[in-house]
Amino acid sequence: QVEAERAIRQREEEFRTLAEALPHHVWTATPDGALNWFNPRVYEYTGARSGELDGAEWGKVVYPDDMAAAVAAWTRAIATGEPYEIEFRLRGSDGTYRWFLARAVPARDEDGRITRWIGTNTDVHDQKLIAGKLAELNATLAERVEEKTRERDRIWSVSQDLLLVADYDGIWRSINPAWTRTLGWSEAELLNRTSEWIEHPDDIIRTRLEVRHLSRGKATIRFENRFRHKDGSYRWLSWTAAPDQNLLYAVARDITAEK
């Protein structure tokens, strides 16, 4: 019995030595949840004296708005024997509050009975501030991206120029509404095919050569050809285009009146 008591005292001294050396807050509680010991870091941070935070008195340094959630989580842990974990704010000796992550686990005897709770408080205030700023930045960035997207969509929709995205084979992948307004063909009729079926027969070879030059990385500064309107007449178009990431981006302008 003497040896067993000596071993217990030795383990207790080792625990306290380790707990006092740690930079985090360390605390213990009885099986029913009453806090009964704190390492020096707790007293240094809160400015409290030994014994002033025991039992339910620890609540006086918890931020009032966080108290209910902290108590509820602690009560649940005591009732179930499951680990305790929650974030709350603690008041420092200067009166300011900082965020801490509190964790506690039960220590059990050979029969599985809880003998005490051992907990820590880790300062996560800076991480919380950074996380908040990142969330705000992400929200602002998302708003800016959404605004730019809406702006781009408006430009795409209202542009009087004919805007086109095609692949290197000349197959049309995307067009703006100006195509329908200028040539009469619907979007469904124009997409997912090349433009040969509406090109003037005299322009087909020249157009294919220009698409080939584009697919090889050469930009089109000015190229003219004729496309057939849905009414059977032809419209003269003046093109500028450039390749980028396996796609061709082109802008065409109706110059029929000028011709």
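Before reading further, recall that the structure is shown in the block above.
All of these numbers come straight from a predicted model, not from anything done at the bench.

**Student:** Teacher, can you tell me more about the overall build of the protein here?
**Tutor:** Per the secondary structure count, the protein includes seven helices and 10 strands. In terms of C-alpha radius of gyration, the protein reaches 37 Å, well past the compact-globule figure of 18 Å for 259 residues. Along the first, second and third principal axes, the C-alpha set of the protein runs to 110 × 40 × 30 Å. Total accessible area computed for the protein in this model is approximately 15900 Å², and 53% of it derives from carbon and sulfur atoms.

**Student:** Sorry if this is basic, but what is going on with the side chain of threonine 46 here?
**Tutor:** With respect to the helices and strands, threonine 46 occurs in helix α2 (residues 40–46). At 2.9 Å, the side chain of threonine 46 and the backbone oxygen of valine 42 are in polar contact. Only 3.2 Å separates the side chain of threonine 46 from the backbone nitrogen of alanine 48, close enough to count as a polar contact.

**Student:** Sorry, what's going on with the packing of aromatic side chains here?
**Tutor:** The way to describe two aromatic rings as a pair is by their centre distance and the angle between their planes. All told, the structure shown has 13 aromatic pairs when counted by the stated rule. Taken together through their ring pairs, the aromatic side chains of Trp27, Trp74, Tyr84 and Trp117 make up a single cluster. Here the basic side chain of lysine 128 rests over the ring of tryptophan 99, its NZ or CZ set 4.3 Å away from the ring centre. Its guanidinium or amino end placed over the ring of tryptophan 236, lysine 259 lies 4.6 Å from that ring's centre, counting from NZ or CZ.

**Student:** Looking at this structure, I do not really get empty space enclosed by the protein. What am I missing?
**Tutor:** Counted according to the given criterion, the structure contains two cavities of 30 Å³ or more. Looking at the largest cavity, its volume works out to about 220 Å³. Lining the largest cavity are 19 residues, and of these Leu164, Thr207, Val211, Leu214 and Trp239 sit closest to its centre. At the level of secondary structure, the elements contributing two or more residues to the lining of the largest cavity comprise β6 (162–167), α7 (204–215), β8 (220–228), β9 (234–244) and β10 (247–254). The element contributing the most residues to the lining of the largest cavity is α7, with five residues. Residues belonging to the lining of the largest cavity are distributed by class as follows: 11 nonpolar, five polar and three charged. Reported here for the second largest cavity is a volume of approximately 170 Å³.

**Student:** Help me understand the pattern of salt bridges, please; the structure alone is not making it clear to me.
**Tutor:** Counting across every chain of the model gives 20 salt bridges. A salt bridge links aspartate 203 to arginine 206, with the nearest nitrogen and oxygen atoms 3.3 Å apart. With relative accessibility at 2%, the residue aspartate 203 sits in the buried group. Here aspartate 203 ties to arginine 226 by a salt bridge, and the two come within 3.0 Å at their closest N and O atoms. In this pair, aspartate 203 is assigned in the loop between α6 (187–190) and α7 and arginine 226 in strand β8, connecting sequence segments 23 residues apart. Taking the relative accessible area as the measure of exposure, arginine 226 reaches 17% and is therefore buried. Look at the salt bridges and you will find they share partners, linking Arg98, Asp123 and Asp126 into a network.

**Student:** Got a minute to help me understand unusual backbone geometry in this structure?
**Tutor:** Glycine aside, negative phi is the norm for most residues, and most peptide bonds take the trans geometry. Although it is not a glycine, asparagine 192 sits at a positive phi angle of roughly 60°. Looking at where asparagine 192 falls in the secondary structure, it is placed in the loop between α6 and α7. Positive phi outside glycine occurs at glutamine 245, with the angle close to 50°. Along the chain, glutamine 245 turns up in the loop between β9 and β10.

**Student:** Mind showing me how you'd approach the sheet that holds strand β7 (residues 172–175) here?
**Tutor:** Across a sheet, strands are paired by hydrogen bonds formed along the backbone, either parallel or antiparallel in direction. One open sheet accounts for five strands, arranged β7-β6-β10-β9-β8; its pairing is antiparallel. Across the chains shown, the open sheet's two edge strands, defined by having one partner strand only, are β7 and β8. Going from strand to strand, the sheet's axes swing by 30° on average, the running direction of each strand aside. With eight bridges joining them, β9 and β10 adopt antiparallel strand pairing. Among the inter-strand pairings, leucine 237 is bridged to a residue of β10, identified as aspartate 254. Where α7 meets the sheet, it contacts β8, β9 and β10, and its direction lies at approximately 140° from that of β8.

Each value, and the rule that gives it
- Residues numbered from 1 in each chain as written.
- Predicted model: local features only at pLDDT ≥ 70, side-chain atom pairs only at ≥ 80, totals over all residues.
- Heavy atoms only, no water.
- Helix = DSSP H or I, 4+ residues; strand = E, 2+ residues; numbered from the N terminus.
- Rg over C-alpha atoms; globule rule 2.2 N^0.38 Å.
- Areas by Shrake-Rupley, 256 points an atom, 1.4 Å probe, with all protein chains shown as cover.
- Polar contact = N/O pair within 3.5 Å; in protein donor to acceptor, adjacent residues only side chain to side chain.
- Phe/Tyr/Trp six-rings, centres within 6.5 Å; stacked < 30°, edge-to-face > 60°.
- Lys NZ or Arg CZ within 6 Å of the ring centre and 35° of its normal.
- 1 Å grid on protein atoms, 1.4 Å probe; cavity = no way out; pocket = protein on both sides within 12 Å on 5 of 7 lines; lining within 4 Å.
- Points joined across faces, edges and corners; volume = space filled by probe spheres on them.
- Nonpolar A, V, L, I, M, F, W, Y, C, P; charged D, E, K, R; others polar.
- Salt bridge = Lys/Arg side-chain N within 4 Å of Asp/Glu carboxyl O.
- Buried < 20%, exposed > 50% of the residue type's maximum accessible area, 1.4 Å probe, protein only.
- Pairing = 2+ DSSP bridges.
- Axes fitted to C-alpha atoms, helices over the stretch in contact; angles between N-to-C directions.
- Contact = heavy atoms within 4.5 Å.

All quantities given are derived from atomic positions and should not be read as evidence of function.
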